[in-house]
Amino acid sequence: MRKLALVFPGQGSQFVGMGKSLFDRYPSARAAMEEGSDVLGFDLRKLMHEGHPEELTRTENAQPALLAASVAAFRVYMEEIGVTPLYTAGHSLGEFSALTCAGAIAYADALRLVRRRGQLMQEAAAEGMGTMCAIIGLSAAAVEAACLDAKEGKDERAAISNFNSPEQIVISGHRSAVERAANRLEQEGGRIAYLNVSAPFHSALMKPAAVQFEEELRAYRFNRFKWPVISNMTARPYESTEEIAGHLSAQLTAPVRWAESMQYLSRMGISAAVELGAKNVLTRLMKPNVPTISCYTIDNDSDIGTVLEQLTAEIALQLRTNARHNVVTLCVAAAVCTRNRNDRLSEYEQGFMEPYLRLQRLQEQLDEEGEGAMPSPQQSEEALTLLRGMLETKQVPDAERRERFQAILEKSGTETLYAQYAFV
């Protein structure tokens, strides 16, 4: 399945108990939490699973906690489902999760960065000085006009901070200005909801934090992307790692262009998305933004089977739509629909993710040739060899592996050409 994106939630999604069921069941999720505690120097698991809601909501605590929850969910997702995304995107803080899971920021570095980011953001606005409020059901023009009218003196202002969907816009700024704008918009027929955050993010009040945070970012080294990551600033993929520091610092004062980001994914042919982390905010936002993208949530262990079943159904639909039962396409489906039994993440990334990317490229070559294009004998041989290695990495039992290969050879009509694979 190549038309998939992974999305990661931002601040406001945190709750006491987030990630607990994954922590309890999966060693990889526990390892993510334990590494977070080691890097940060405090018990991250206790904060997330047993802490006081007010303490968890504090910006410098909520941000690393949400990052850890998303990374833990991503690791479980790759082990149990393993469909490599075509893109990743994260809402505000979630952009760090997207970059981390794409390999651009080392997990330990991301933990340190978001902890510092939270501290700087909290310091930039004194306690109670600012707030954020969602406006539902009014146009961006109406919201912008109310923010302009709410300004009283140069030191009190409100502005649009999040374009979440055509139906939901968030404003941020000085508490009094936000309240005046929100009251007016409510009178105009909009619904309002104040957010569970402790500072006015994505507003001019974050300028001091943005300046200091860019200095912090410039001290870090960033890595090559495993797949494209959408920037909140541009609603387009990063073009290079050189953009990371500038985009992530400017993001603190600029609005989140989430609706545009999802529309970009739609234009790129994305048909399904999985939200990884706390709650399902982005899943609920997908339908008003792009009804054609099916979005699923992995917030706890009970979601894994459901999401796997739904994605398998999507893959089957794509196969029927393409009407191609060739070796490469069938190998793609077998790779993602076979349960993983290997809990060693580094071994899994090398033995499954890297070969899967090569398998995807083979499928893309066929797609470029047009409807009905069939693989060459060399392409078919390569696809089968890649699949054999991936199933070995997933520790699939011998009998199941033989069944998989036998089914592929029968459906593609190549039993006599590649009979050796039926006996792997």
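Thresholds, definitions, all that
Residues numbered from 1 in each chain as written. Predicted model: local features only at pLDDT ≥ 70, side-chain atom pairs only at ≥ 80, totals over all residues. Heavy atoms only, no water. Helix = DSSP H or I, 4+ residues; strand = E, 2+ residues; numbered from the N terminus. Buried < 20%, exposed > 50% of the residue type's maximum accessible area, 1.4 Å probe, protein only. Phe/Tyr/Trp six-rings, centres within 6.5 Å; stacked < 30°, edge-to-face > 60°. Pairing = 2+ DSSP bridges. Axes fitted to C-alpha atoms, helices over the stretch in contact; angles between N-to-C directions. Contact = heavy atoms within 4.5 Å. Salt bridge = Lys/Arg side-chain N within 4 Å of Asp/Glu carboxyl O. Parallel < 35°, antiparallel > 145°, perpendicular 65-115°, else oblique. Left-handed = near helix turned anticlockwise from the far one by under 90°. Nonpolar A, V, L, I, M, F, W, Y, C, P; charged D, E, K, R; others polar. 1 Å grid on protein atoms, 1.4 Å probe; cavity = no way out; pocket = protein on both sides within 12 Å on 5 of 7 lines; lining within 4 Å. Points joined across faces, edges and corners; volume = space filled by probe spheres on them. Core = buried A, V, L, I, M, F, W, Y, C linked by side-chain atoms within 4.5 Å.

Novice: Lay out unusual backbone geometry in plain terms, naming residues and giving numbers.
Specialist: With phi around 55 degrees, His-202 is a residue other than glycine that occupies positive phi space. As for its position among the elements, His-202 is in the loop between strand 6 (191-194) and helix 10 (207-218). Classification of His-202 by relative accessible area gives buried; the value is 3%. Phi at Lys-279 is positive, roughly 60 degrees, even though this residue is not glycine.

Novice: Tell me what's going on with the packing of aromatic side chains, and back it up with residues and numbers.
Specialist: Two aromatic rings, taken as a pair, are described by how far apart their centres are and by the angle between their planes. Inspection of every chain in the model, using the stated rule, returns six aromatic pairs. Relative to Phe-352, the ring of Tyr-348 lies with its centre 5.1 Å away and its plane at 20 degrees, an arrangement referred to as stacked. Taken together, the residues Tyr-348 and Phe-352, both in helix 16 (residues 345-369) and four residues apart, mark about one turn of the helix. For Tyr-348, a relative accessible area of 0% puts it in the buried group. Taken together through their ring pairs, the aromatic side chains of Tyr-348, Phe-352 and Tyr-356 make up a single cluster.

Novice: Can you lay out the sheet that holds strand 6 for me, pointing to particular residues and giving the numbers?
Specialist: Taken together, the four strands give an open sheet; going across it, the order is 4-5-3-6, and neighbouring strands pair in antiparallel fashion. Whereas interior strands pair on both sides, the edge strands pair on one side only; in this sheet they are strand 4 (158-165) and strand 6. On average, each strand axis in the sheet is inclined to that of its neighbour by 25 degrees, with strand direction left out of account. As defined by bridge partners, strand 3 (residues 130-136) adjoins strand 5 (residues 168-174) across seven bridges and the pair is classed as antiparallel. Along strand 5, the bridge assignment pairs Ala-134 with Val-170. Lying on the sheet, helix 13 (residues 281-289) is in contact with strand 4 and strand 5; it crosses strand 4 at an angle near 80 degrees.

Novice: With reference to specific residues and values, describe the pattern of salt bridges.
Specialist: Following the criterion strictly, the structure yields 18 salt bridges and no others. Residue Glu-60 is joined to Arg-58 by a salt bridge in which the shortest nitrogen-to-oxygen separation is 3.2 Å. Taking relative accessible area as the criterion, Glu-60 reaches 13% and is therefore assigned buried. Among the residues examined, Arg-58 registers a relative accessible area of 27% and is labelled partly exposed. In this structure, Glu-349 and Lys-226 form a salt bridge, with 3.5 Å as the shortest nitrogen-oxygen distance. On the criterion of sequence distance, the pair formed by Glu-349 in helix 16 and Lys-226 in the loop between helix 10 and strand 7 (229-230) is long-range, its members being 123 residues apart. By relative accessible area, Glu-349 is classed as partly exposed at 25%. Since its relative accessible area comes to 34%, Lys-226 is described here as partly exposed.

Novice: So what's going on with the packing of helix 2 (residues 27-40) against helix 7 (residues 107-124)? Residues and values would help.
Specialist: Each pair of packed helices gets described by two things: the angle between the helix axes and the distance between those axes. Packing of helix 2 against helix 7 leaves a shortest axis separation of 10 Å and a crossing angle of 55 degrees. Put simply, helix 2 runs oblique to helix 7. As for the relative orientation of helix 2 and helix 7, their crossing is right-handed in sense. Residue-level contacts link Ala-32, Glu-35, Gly-36, Val-39 and Leu-40 of helix 2 to Tyr-107, Ala-108, Leu-111, Arg-112 and Arg-115 of helix 7. Grouping the amino acids of the contact of helix 2 with helix 7 by side-chain chemistry returns six nonpolar, one polar and three charged.

Novice: Break down the environment of Ile-171 for me, citing the residues and quoting the values.
Specialist: Among the structural elements, Ile-171 can be located in strand 5. For Ile-171, a relative accessible area of 0% puts it in the buried group.

Novice: Break down empty space enclosed by the protein for me, with residues and values.
Specialist: Over the atoms, a rolling probe the size of a water molecule traces out where space has been left empty. Per the counting criterion, the structure on display carries two cavities of 30 Å³ or more. Here the second largest cavity is characterised by a volume of approximately 40 Å³. Taken together, Met-18, Gly-19, Leu-22, Ala-69, Ala-73, Gly-277, Ala-278, Ile-298 and Asp-299 make up the lining of the second largest cavity. Of the residues belonging to the lining of the second largest cavity, the class tally is six nonpolar, two polar and one charged.

Novice: Quick one: what's the story with the sheet that holds strand 1 (residues 4-8), residue by residue and with numbers?
Specialist: Read across the sheet, five strands follow the order 7-2-1-8-9 without closing on themselves; strand pairing throughout is parallel. What marks the edges here is a single partner per strand, and that holds for strand 7 and strand 9 (294-298). By the bridge criterion, four bridges tie strand 1 to strand 2 (residues 87-90) in an arrangement that is parallel. By the bridge assignment for strand 2, Ala-5 is matched with Tyr-87.

Novice: Describe the nonpolar core, with residues and values.
Specialist: Tyr-77, Leu-311 and Leu-359 are the most contacted members of the largest nonpolar core, which has 101 residues in total. When residues of this core are assigned to their parent elements, the largest contribution, twelve residues, is made by helix 5 (residues 59-80). Apart from residues lying up to four places away in sequence, Tyr-77 is in contact with Leu-4, Leu-6, Gly-82, Val-83, Val-274, Leu-276, Ile-298 and Leu-311. Membership of the second largest hydrophobic core comes to 18 residues, among which are Tyr-87, Ala-89, Met-262 and Leu-282.

Novice: How would you sum up the side chain of His-247? Please name residues and give values.
Specialist: You can see His-247 is positioned in helix 11 (residues 244-250). Owing to a relative accessible area of 15%, His-247 belongs among the buried residues under this scheme. Setting aside chain neighbours within four positions, we find His-247 in contact with Ser-231, Met-233, Thr-234 and Tyr-238.

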